[in-house]
Number of protein chains: 2
Amino acid sequence: MNIGQASATSGVSTKMLRYYESIDLIPQASRTEAGYRIYSVKDVNTLRFIRRARDLGLSINRIKLLVGLWQDRERSSADVKRVATEHVAELDAKILELTAMRDTLQDLADACHGDHRPDCPILHDLEGGGRLSTQAGVVTKDASHPKYGTAHGAIPRHEA
Amino acid sequence: MNIGQASATSGVSTKMLRYYESIDLIPQASRTEAGYRIYSVKDVNTLRFIRRARDLGLSINRIKLLVGLWQDRERSSADVKRVATEHVAELDAKILELTAMRDTLQDLADACHGDHRPDCPILHDLEGGGRLSTQAGVVTKDASHPKYGTAHGAIPRHEA
DNA sequence: CTTGACCTTCCTATCGTGGGAAGCCCCACC
DNA sequence: GGTGGGGCTTCCCACGATAGGAAGGTCAAG
């Protein structure tokens, strides 16, 4: 099986196949005399495993762990579960963060009449301080919007 | 005001200040004789605007649009609203995608006893095909889990 | 033997951010 | 008037995971 067939049957692009090999997620494929990579059915199974793990949003590093556990008959399911649970926690955090953004923006959009007039609460908000309080340190308007605070502060932007 | 002070009062790092200038999100700052960048209070306000827009997850390109609209007295609020609404739609899509992943993984983790034994439904799922049906083409188990299909297929991974 | 599809490696880009090196500048302190 | 430390400059590299493309070798069918 060459790389094209392995790609087609595993759902992993040839680009990614070579990349995964380069970062040692999968072992170096053996080669034909001409230098073509050769894949076995077992290799393709591993690739499908990886593909599904990626579909669940797992990072390459976690997938490395999972593949290792998968191939280890002495593994404990607790180890597998921990990897999954950590990822769920990260997904939850991300979902919370995005939801806070979404809600804020949706509320602002709802408050915007959206016609020919220039006046716009969205711009006003961006201009003024993400729902007041940032500027003067004293909240002067309506403090009954707890969700507006969530997206501020330490937002590790490059983490996702 | 030099770049350090502008950074401190706007919440945008000096790295990002120079980067934003390089991609023409903000105009080239004027310079002292020694080549130091100079920022005005107006510049800092723009930077705060940008910072808040980033906090809401808006892309640099959308922020470019918004800054343009913000500084255009003839703008129509409809244009601003459209940018916001598009971003909300993307956030919604992303949230849906992440939630599907989360739910699947959480269910699998729930089904995993997580002890010393090697047997694990998480690995079984990754191995077997994201909740069966992929392998044989015929669903043989429990089809009442509509959420398990959502994360598959065309997932533009690099879009986020 | 040619043609076209496939393979190889290597470089580039994405997106937004941070880290760091090498070198110049400025101010305060002695 | 020096000097030291912190700030500024530019430039390069890294991340994570993926795609695109160029230049060249290979294979199989016609």
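Conventions used here
Residues numbered from 1 in each chain as written. Chains lettered and ligands numbered in written order. Predicted model: local features only at pLDDT ≥ 70, side-chain atom pairs only at ≥ 80, totals over all residues. Heavy atoms only, no water. UniProt positions renumbered as here; feature names shortened; annotations may be inferred. Buried < 20%, exposed > 50% of the residue type's maximum accessible area, 1.4 Å probe, protein only. Helix = DSSP H or I, 4+ residues; strand = E, 2+ residues; numbered from the N terminus. Arc of directions from axis to C-beta. Contact = heavy atoms within 4.5 Å. Least-squares fit on C-alpha atoms with pLDDT ≥ 70 in both. Axes fitted to C-alpha atoms, helices over the stretch in contact; angles between N-to-C directions. Parallel < 35°, antiparallel > 145°, perpendicular 65-115°, else oblique. Left-handed = near helix turned anticlockwise from the far one by under 90°. Salt bridge = Lys/Arg side-chain N within 4 Å of Asp/Glu carboxyl O. Polar contact = N/O pair within 3.5 Å; in protein donor to acceptor, adjacent residues only side chain to side chain.

- In the annotation of an unreviewed UniProt entry, chain A is listed under the name Cu(I)-responsive transcriptional regulator and assigned to Paeniroseomonas aquatica.
- Its UniProt record, at the heading Subcellular location (unreviewed entry), says of chain A: "Cytoplasm".

**Brief notes about helix α6 (residues 121-128) of chain A**
- Turning to α6 of chain A, its buried residues number three or more, namely Ile122, Leu123, Asp125 and Leu126 of chain A. Mapping the buried residues of α6 of chain A onto a view down its axis gives an arc of 160°, with all of them on the same face.
- Close packing links the buried residues of α6 of chain A with α5 (77-111) of chain A together with α3 (41-55), α4 (60-70) and α5 (77-111) of chain B.

**Describing the relation of the copies chain B and chain A**
- Overlaying chain B on chain A yields an RMSD of 0.1 Å, the required transformation being a rotation through 180° with an accompanying axial translation of 0.0 Å. Taken together, these values place the two copies in the relation of a two-fold axis. The position closest to the rotation axis in chain B is occupied by the C-alpha of Ile95 of chain B, lying 2.9 Å away.

**Examining the packing of α5 of chain A against α5 of chain B**
- Viewed as axis vectors pointing N to C, α5 of chain A and α5 of chain B meet at an angle of 155°, and their least axial separation amounts to 8 Å. Compared by their axis directions, α5 of chain A and α5 of chain B come out roughly antiparallel. Once α5 of chain A is placed against α5 of chain B, the crossing between them reads as left-handed.

**Let's talk about the pattern of salt bridges**
Residues and elements named next belong to chain A.
- Applying the stated criterion across every chain, the model contains 20 salt bridges over all chains.
- For Arg51, the salt bridge goes to Asp55, with nearest N and O atoms at 3.6 Å. One end of the pair is Arg51 and the other is Asp55, both in helix α3 (residues 41-55) and four residues apart, which spans about a single turn.
- Of the residues examined, Arg51 reaches a relative accessible area of 23% and is grouped as partly exposed.
- Among the charged side chains, a salt-bridge network with shared partners connects Glu21, Arg31 and Arg37.

**Some words on the interface of chain B and chain A**
- Taken together, the contacts link 57 residues of chain B with 58 residues of chain A.
- Where chain B touches chain A, the interface holds two salt bridges.
- One salt bridge in this structure joins Asp92 of chain B and Arg102 of chain A, with 3.1 Å as the shortest N-O distance.
- Counting across the interface, chain B meets chain A through 24 residue pairs in polar contact (both at pLDDT 80 or more).
- For the side of chain B that touches chain A, the secondary-structure elements that each account for two or more residues are α3, α4, α5 and α6 (121-128) of chain B.

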